[in-house]
Amino acid sequence: MLSLILERVTATSFNDLLHQRVLDPLGMKDSGLDQNDLGRSGATGYLRHAGPRYTRGAFIDRIHGFSSGSMYSTVEDLYKWNQALSSGDFISDELRKQIFTPSLHDWGSGWFVTKIPRGQPGAGTTMAEMRGDMPENFFAWILRYPERDAVIITFRNVYGSTEGLEQNMQAILFDTEPHLPSRSPKDIAAQIWLVPAGWIASHIALSVFLMFLLVSTIWFVARRKKQTGASASP
């Protein structure tokens, strides 16, 4: 809605405004609105399954996302954006205060601003975060720690990752030992199944024969039991 208002007031497309007012002045040359035209320069999204196993993510029309979710960028460009947010050269101190002052449900102007909970690395420290995702494709997360003048920026092209990368990076930032991710029961079960599944895939003919033999044996045993039961009836 805000982007449509901007286009109406300025008589300029949101994409052009984005470049004129933000991206070009900050030197963010690898950012913009995705018009389904990135081609080989854009990342491919994947969906994680148990095992782990990965399949290519579902197609999402980027054009329809417009200003609410069609931006592309790089970690380097978002670092420039982060530095601009921390500087008084790009936005005023008053505006920055409005952006990062939490109000309803800890939301500032687009940022979720909280204190790190007790028991986590950096407990009591202010943290401002913003996330964005395209289901079954991409996930992005920016974590700002203004009291440390630090930021963590992660991009993922695997949806459903389980390793807790951001939490471990936060642990390192606050001089705490990171934790290796534990394997879920689903992953373990899937790995166990991969052994016979791989054997079956590499021995198709023998697998079909063994399956036929097994089904025939089950049918024969069931038939004998049925005949025995019938002959024993008074």
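Residues numbered from 1 in each chain as written. Predicted model: local features only at pLDDT ≥ 70, side-chain atom pairs only at ≥ 80, totals over all residues. Heavy atoms only, no water.

1. A word on the overall build of the chain
Of regular secondary structure, the chain possesses eight helices and nine strands. In summary, the chain has a C-alpha radius of gyration of 28 Å against a globular reference of 17 Å for 234 residues, an excess of more than 25%. Taken along the three principal axes of its C-alpha coordinates, the chain extends 95 × 45 × 35 Å. With 234 residues in all, the chain has 27% of them scored as buried. Long-range pairs, those at least 24 residues apart, make up 47% of the contacts in the chain with a sequence separation of at least 6. Carbon and sulfur atoms make up 61% of the accessible area of the chain, which amounts to about 16200 Å² in all. For the chain, the centre of its 23 positive side-chain charges and the centre of its 23 negative side-chain charges are spaced 15 Å apart. (Helix = DSSP H or I, 4+ residues; strand = E, 2+ residues; numbered from the N terminus. Rg over C-alpha atoms; globule rule 2.2 N^0.38 Å. Buried < 20%, exposed > 50% of the residue type's maximum accessible area, 1.4 Å probe, protein only. Contact = heavy atoms within 4.5 Å. Areas by Shrake-Rupley, 256 points an atom, 1.4 Å probe, with all protein chains shown as cover. Lys, Arg positive; Asp, Glu negative; His and termini not counted. Charge placed at Lys NZ, Arg CZ, Asp CG, Glu CD.)

2. Some remarks on the sheet that holds strand S9 (residues 158-159)
If you trace the three strands from one edge of the open sheet to the other, you get S3-S2-S9, paired in mixed fashion. Two strands bound the open sheet, and with one partner strand each, they are strand S3 (53-56) and S9. (Pairing = 2+ DSSP bridges.)

3. Examining unusual backbone geometry
In this structure, Pro52 follows Gly51 across a cis peptide bond, with omega equal to -5 degrees. Within the fold, Pro52 resides in the loop between strand S2 (46-49) and S3. A positive phi is found at Ala11, a non-glycine position, where the angle reads about 55 degrees. Its place among the elements puts Ala11 in the loop between helix H1 (2-10) and helix H2 (14-23). Owing to a relative accessible area of 71%, Ala11 belongs among the exposed residues under this scheme. Non-glycine residue His105 carries a positive phi angle of around 55 degrees. With respect to the helices and strands, His105 occurs in the loop between helix H5 (93-99) and strand S5 (112-115). Residue classification places His105 among the exposed residues on the basis of a relative accessible area of 61%.

4. Looking at the side chain of Glu166
By the element assignment, Glu166 lies in helix H6 (residues 165-173). If sequence neighbours within four positions are ignored, Glu166 has contacts with Phe139, Trp141, Leu143, Ile152, Thr154 and Arg156.

5. Focus on the packing of aromatic side chains
In this structure the tally under the stated criterion is six aromatic pairs. In this structure, Arg131 packs its charged tip against the face of Trp141, placed 3.9 Å from the ring centre. One Lys or Arg, Arg144, reaches over the ring of Trp111 and ends 6.0 Å from the middle of that ring. (Phe/Tyr/Trp six-rings, centres within 6.5 Å; stacked < 30°, edge-to-face > 60°. Lys NZ or Arg CZ within 6 Å of the ring centre and 35° of its normal.)

6. Comments concerning the nonpolar core
Phe100 and Trp111 are the most contacted members of the largest nonpolar core, which has 18 residues in total. Elements represented by at least two residues in this core include exactly H2 and helix H4 (75-86). Counting residues per element, this core draws most heavily on H2, at four residues. When sequence neighbours within four positions are dropped, the list of residues in contact with Phe100 reads Leu85, Trp111, Val113, Ala128 and Arg144. Listed in part, the nine residues of the second largest apolar core include Phe139, Trp141, Leu143 and Ala150. (Core = buried A, V, L, I, M, F, W, Y, C linked by side-chain atoms within 4.5 Å.)

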